[in-house]
Amino acid sequence: AQSVAQPEDQVNVAEGNPLTVKCTYSVSGNPYLFWYVQYPNRGLQFLLKYITGDNLVKGSYGFEAEFNKSQTSFHLKKPSALVSDSALYFCAVRDRRAAGGGNKLTFGTGTQLKVEL
Amino acid sequence: NAGVTQTPKFQVLKTGQSMTLQCAQDMNHNSMYWYRQDPGMGLRLIYYSASEGTTDKGEVPNGYNVSRLNKREFSLRLESAAPSQTSVYFCASSESPGQMIAKNIQYFGAGTRLSVL
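Values in this document were obtained by computation on a predicted structure and should not be read as measured data.

Draft legend 1. Inspection of the state of the cysteines at higher detail. All names here are of chain A. Taken as a whole and assessed by the stated rule, the structure comprises 2 disulfides over all chains. Each disulfide pairs two cysteine sulfurs, and for C23 the partner residue is C91, the sulfurs being separated by 2.0 Å. On the sign convention where negative means left-handed, the S-S torsion of about -65° between C23 and C91 marks this disulfide as left-handed. Of this pair, C23 sits in the loop between strand 3 (19-21) and strand 4 (24-26) while C91 sits in strand 10 (residues 87-95), and the two are 68 residues apart along the sequence.

Dropping the structure here:
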């Protein structure tokens, strides 16, 4: 079974400051990891993914995420937050060994990011 | 390019009524998914279709049925709606059900907001 934990329901940060949204995962094998963002009244949008290789993954809108296998974490980061980054962020995982059956992802419960002036 | 289109955007039902949520994608994707989003629960997979002609249960299939009408369309039916089915429903699609993770990014529709009274 695979699972994802996002320990913070909400993260508040001042514009211009760095932000971190935390995610930890559990899978039987090695993971594929994803971050999605949801703006109000919209569907989820893909931000970035980790497949293999460099532990630091860069994605859309200046976001990046760091894969840490020993800590089973995949935290989302941005060096300088913008008010427009305010949204709901979801971490998702898929076990690399999962075969067939579509690309079933397990999502975390989401973290609301609020960036204030 | 519309991507993933869901209809209707909003719906109010009375307990016991039935309805079908429609989803269509124009990206020639093989796999399609139905999720529900509830506060504090994140996204939970209801049903998915790895490829045309196949459907499988996800995490929370009870009370729902699906039809993969063709490669483009994947509908979700509530036969006898219950207040517990009040939620926001998202349809998603991805290119391939296989191991080519780069092709397995899920693309989401804007959602259907359903209230069951």
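Draft legend 2. How the structure looks around the sheet that holds strand 8 (residues 74-78) of chain B. Residues and elements named next belong to chain B. Across the sheet, which stays open at both edges, the 4 strands sit in the order 1-3-8-7 with antiparallel pairing between neighbours. Looking at which strands have only one partner, the edges of the open sheet turn out to be strand 1 (4-7) and strand 7 (64-68). This sheet shows a mean twist of 15° between the axes of neighbouring strands, independent of strand direction.

Draft legend 3. Structural context of the nonpolar core. Grouped together as the largest cluster of nonpolar side chains are 27 residues, with contacts concentrated most on W35, L47, L48, F74, L76 and Y89 of chain A. Elements that contribute at least two residues to this core include exactly strand 2 (10-14), strand 3, strand 5 (31-38), strand 6 (44-50), strand 8 (64-68), strand 9 (73-78), strand 10 and strand 12 (111-116) of chain A. A per-element tally of this core places strand 10 of chain A first, with 4 residues. Once residues within four sequence positions are removed from consideration, L48 of chain A is found in contact with L33, F34, W35, V57, K58, G59, F63, E64, A65, F74 and L76 of chain A. The next biggest cluster of nonpolar side chains, apart from the first, holds 20 residues, and it includes A92 and F107 of chain A together with Y33 and F90 of chain B.

Draft legend 4. Structural detail: unusual backbone geometry. The linkage connecting T7 of chain B with the following residue, P8 of chain B, adopts the cis geometry, with an omega of -5°. Secondary-structure assignment places P8 of chain B in the loop between strand 1 and strand 2 (10-13). Not every positive phi belongs to a glycine, and N41 of chain A is a case in point at roughly 60°. Tracing the backbone shows N41 of chain A in the loop between strand 5 and strand 6. Residue classification places N41 of chain A among the exposed residues on the basis of a relative accessible area of 58%.

Draft legend 5. Seen up close, the pattern of salt bridges. Counted according to the given criterion, the structure contains 7 salt bridges over all chains. A salt bridge links K77 of chain A to E66 of chain A, with the shortest nitrogen-to-oxygen separation between them at 3.2 Å. In this pair, K77 of chain A sits in strand 9 while E66 of chain A sits in strand 8, placing the two residues 11 residues apart along the sequence. K77 of chain A sits in the partly exposed class, given a relative accessible area of 28%. Among the salt bridges present, the one from D38 of chain B reaches R44 of chain B, with a minimum N-O distance of 2.9 Å. Given the relative accessible area of 11%, D38 of chain B is considered buried. Counted as one network, the salt bridges with shared partners bring together R36, D38 and R44 of chain B.

Each value, and the rule that gives it
- Residues numbered from 1 in each chain as written.
- Chains lettered and ligands numbered in written order.
- Predicted model: local features only at pLDDT ≥ 70, side-chain atom pairs only at ≥ 80, totals over all residues.
- Heavy atoms only, no water.
- Disulfide = S-S within 2.5 Å.
- Helix = DSSP H or I, 4+ residues; strand = E, 2+ residues; numbered from the N terminus.
- Pairing = 2+ DSSP bridges.
- Axes fitted to C-alpha atoms, helices over the stretch in contact; angles between N-to-C directions.
- Core = buried A, V, L, I, M, F, W, Y, C linked by side-chain atoms within 4.5 Å.
- Buried < 20%, exposed > 50% of the residue type's maximum accessible area, 1.4 Å probe, protein only.
- Contact = heavy atoms within 4.5 Å.
- Salt bridge = Lys/Arg side-chain N within 4 Å of Asp/Glu carboxyl O.

These results come straight from atomic positions and should not be treated as a statement about function.
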